[in-house]
Amino acid sequence: MDVDRGTRVVKGFEAFFADVRAQESVLELFQRVAATVPAYREFLREHGIDPATVVTMDDFRSLPMIDKETYHRRYPLPELCRDGRLDGCDVIAVSSGSSGRPTVWPRSLVDELAVARRFDQVFRDGFRAHERSTLAVVCFPLGTWVGGLFTLACTRHLAAKGYPITVVAPGNDKAEVLRVLPELADHFDQVVLLGYPPFVKDVVDTGLAAGFDWSRHAVKLVLAGEVFSEQWRDLVGRRVGMADPARDSASLYGTADAGVLGNETPLSVSIRRFLAGRPDLARELFGDSRLPTLVQYDPNSRFFEVHEGTLLFSGDNGVPLIRYHIADEGGVLSSAEMLDFCSRNGFAPEVDNDLPFVFVFGRSLFTVSFFGANVYPENVTVGLEQPGISDWVTGKFVLETVSDTDENTRLRVTVELAPGRTGDPALLANSVREQLLRLNSEFAHYVPAERRTPEVVLKPAGDPEHFPVGVKHRYTRSSS
């Protein structure tokens, strides 16, 4: 029996309740991980690195990056944990890889408290939930998936801290969400829906069609998993009767690897909304006219770096990670840099914190996010390779998400026909759906049944827009 665990939990809660922030620098984190995590100690030894020589930030930035393949999957799971003990963690989460093989991420209750601070910032600064009775409705998938149970735990930690929050967790069961809301919503000052954007919108639209008056319940939204437009925020905001979208909704930047890394704040949302109608300024600031997710983060909890346009982070967790390559396209800006940019362009947002910013376009590794599930080209390829299909397609396709005029998202696969051939889009769509359900456990658990069949568009060989001849083919396309 670990008699010290209770002491660690009590100290963790005491710091969380007192709003005492961690003051450990990333160099101190590195030294602690090198001393206590057997896998990382061996990783450094294999690269000829003596931890004692890493004393400056330049030394730190010269450390080799880690990722799932070069680190997490190379060592036994217990050796990735503090003191080489898997039983030092009390919860397991999984994420689905390109083959459907889960990646296991253990954590402890104390690890959750660092993530609960991000929920604390959202619920306090935006929703004023410390002053208002709040029904938090967890609409993320439940089970081993990181979203639902992690969110349930963090919102309950806020309740334990003294927030007048009551949590209900119907998960991504739309009928159950809409069953419990009429029973409970009238008893609270406000309702917070927490889920993936397409699912939350589906709940809102279905509720409206059934006669549920969202505007009576001061609805707030906590979203994650996908980049969405400010038009989407406005549309859904109008349907639930939001008074102030910058304060009444917040997106989380989270991963199974380390929980929530950053969160939207009223400040970051107001800046994003300012940039939404100014693509030239967005391109100047972000290097792309697309509008990324823009969040703020606590550098004492999660330390970000940028490598060739993609993000690295370091942070403590059940599996502590040092210079972990998350492979999301994005960048980092200090608070001073961001506010100076706003000032130079005639915008003076209301400033309520000095945290740095991280912006995120999404995964660079050729994935598409749909209802929070990473959809991989490898999964789609198998659908094209089935008998009765493979002889009339070339194997090339473009995978993307598209939105209609009502901001409903669907999965589209544009497929190249073999020269001189025709095909059956419905047959191909069903084949792709079957393989996604078989191979991609996130897709099977996250995407509602009625949204799982992709839209298939057939194009002739060499189509200049999707399959130009002589050009290296890309299997995914970013929605914009």
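Undergrad: Got a minute to help me understand the overall build of the protein in this structure?
TA: Within the protein, the secondary structure is distributed over 17 helices and 18 strands. Its C-alpha atoms put the protein at 70 × 60 × 55 Å along the principal axes. Expressed as a percentage of its 480 residues, the buried residues of the protein come to 54%. Partitioning the intrachain contacts of the protein with sequence separation of at least 6 by distance along the chain shows that 71% fall at a separation of at least 24. When the accessible surface of the protein is summed, it comes to about 20000 Å², and 51% of that surface belongs to carbon and sulfur atoms. Side chains of the protein carry 52 positive and 66 negative charges; the gap between the two charge centres is 1 Å.

Undergrad: So what exactly am I meant to see when it comes to the environment of Glu46 here?
TA: Checked against the element boundaries, Glu46 lands in helix α3 (residues 38-46). Judged by relative accessible area, which is 35%, Glu46 ranks as partly exposed. Look past the residues within four positions of Glu46 in its chain and what remains in contact with it is Arg74 and Tyr75. Here Arg74 takes part through its side chain, which lies 3.0 Å from a polar atom of the side chain of Glu46. Here the side chain of Glu46 touches Tyr75 through a polar contact of 3.0 Å, side chain to side chain.

Undergrad: Just checking my understanding: could you explain unusual backbone geometry for this structure?
TA: Residues other than glycine predominantly adopt negative phi, and peptide bonds predominantly adopt the trans conformation. Phi at Ala218 takes a positive value of approximately 45 degrees, unusual for a residue other than glycine. Residue position: Ala218 is located in the loop between α9 (197-209) and β6 (219-224). Non-glycine residue Ala327 carries a positive phi angle of around 70 degrees. Following the sequence through the fold, Ala327 ends up in strand β12 (residues 321-333).

Undergrad: Where do I start with the environment of Lys68 in this structure?
TA: Tracing the backbone shows Lys68 in helix α5 (residues 68-72). For the pair Lys68 and His325, spaced 257 residues apart in sequence, the C-alpha separation works out to 8.5 Å. In this view, Lys68 contacts Arg73, Ser95, Thr103, Trp105, Asp257 and Tyr324; residues no more than four positions away in its chain are not counted.

Undergrad: For this particular structure, what's the right way to read the sheet that holds strand β18 (residues 455-459)?
TA: Sheet strands pair via backbone hydrogen bonds, and the direction of the pair is either parallel or antiparallel. The 3 strands lie next to each other as β16-β17-β18, forming an open sheet whose pairing is mixed. Looking along the sheet, the strands with just one partner apiece sit at the ends: β16 (393-403) and β18. Sheet twist, expressed as the mean angle between neighbouring strand axes with direction ignored, is 25 degrees. Pairing of strand β17 (residues 409-417) with β18 involves 5 bridges; the strand directions are parallel. Residue pairing across strands places Val415 opposite Leu458, the latter belonging to β18. Of the strands in this sheet, β17 and β18 are in contact with helix α16 (residues 425-439), which crosses β18 at around 130 degrees.

Undergrad: Which parts of the structure should I look at to understand the pairing of strand β10 (residues 302-307)?
TA: Note: β10 against strand β11 (residues 310-315), 6 bridges, orientation antiparallel. When the bridges of β11 are listed, Glu305 appears paired with Leu312. The turn linking β10 back onto β11 is made up of 2 residues, and Glu308 within it adopts a positive phi angle of 50 degrees.

Undergrad: Which parts of the structure should I look at to understand the side chain of His157?
TA: Along the polypeptide, His157 turns up in helix α7 (residues 146-161). Other than its neighbours up to four places away in sequence, His157 contacts Phe13, Phe16, Phe17, Leu109, Glu112, Leu113 and Ala116.

Undergrad: Can you help me understand the pattern of salt bridges in this one?
TA: Oppositely charged side chains are able to pair whenever their charged atoms sit close together. Scanning the model with the defined rule gives 32 salt bridges in all. With a closest N to O distance of 3.1 Å, Arg216 and Asp186 form a salt bridge. With a gap of 30 residues between them, Arg216 in the loop between α9 and β6 and Asp186 in the loop between α8 (174-184) and β5 (190-195) connect regions that are remote in the sequence. Here Asp186 falls in the partly exposed class, since its relative accessible area comes to 48%.

Undergrad: Quick question: what am I supposed to make of the packing of aromatic side chains here?
TA: A ring pair, where both rings are aromatic, is described by two values, the distance of the centres and the angle of the planes. As enumerated under the stated definition, the model contains 24 aromatic pairs in all. Through pairs of rings, three or more aromatic residues link up here, namely Trp105, Tyr253, Tyr297, Phe304, Phe313 and Tyr324. Above the face of the Phe150 ring, Arg107 is positioned so that its terminal group lies 3.7 Å from the ring centre. Positioned above the aromatic ring of Phe16, the side-chain terminus of Lys161 is 4.7 Å from the ring centre.

Rules behind the numbers
- Residues numbered from 1 in each chain as written.
- Predicted model: local features only at pLDDT ≥ 70, side-chain atom pairs only at ≥ 80, totals over all residues.
- Heavy atoms only, no water.
- Helix = DSSP H or I, 4+ residues; strand = E, 2+ residues; numbered from the N terminus.
- Buried < 20%, exposed > 50% of the residue type's maximum accessible area, 1.4 Å probe, protein only.
- Contact = heavy atoms within 4.5 Å.
- Areas by Shrake-Rupley, 256 points an atom, 1.4 Å probe, with all protein chains shown as cover.
- Lys, Arg positive; Asp, Glu negative; His and termini not counted.
- Charge placed at Lys NZ, Arg CZ, Asp CG, Glu CD.
- Polar contact = N/O pair within 3.5 Å; in protein donor to acceptor, adjacent residues only side chain to side chain.
- Pairing = 2+ DSSP bridges.
- Axes fitted to C-alpha atoms, helices over the stretch in contact; angles between N-to-C directions.
- Salt bridge = Lys/Arg side-chain N within 4 Å of Asp/Glu carboxyl O.
- Phe/Tyr/Trp six-rings, centres within 6.5 Å; stacked < 30°, edge-to-face > 60°.
- Lys NZ or Arg CZ within 6 Å of the ring centre and 35° of its normal.

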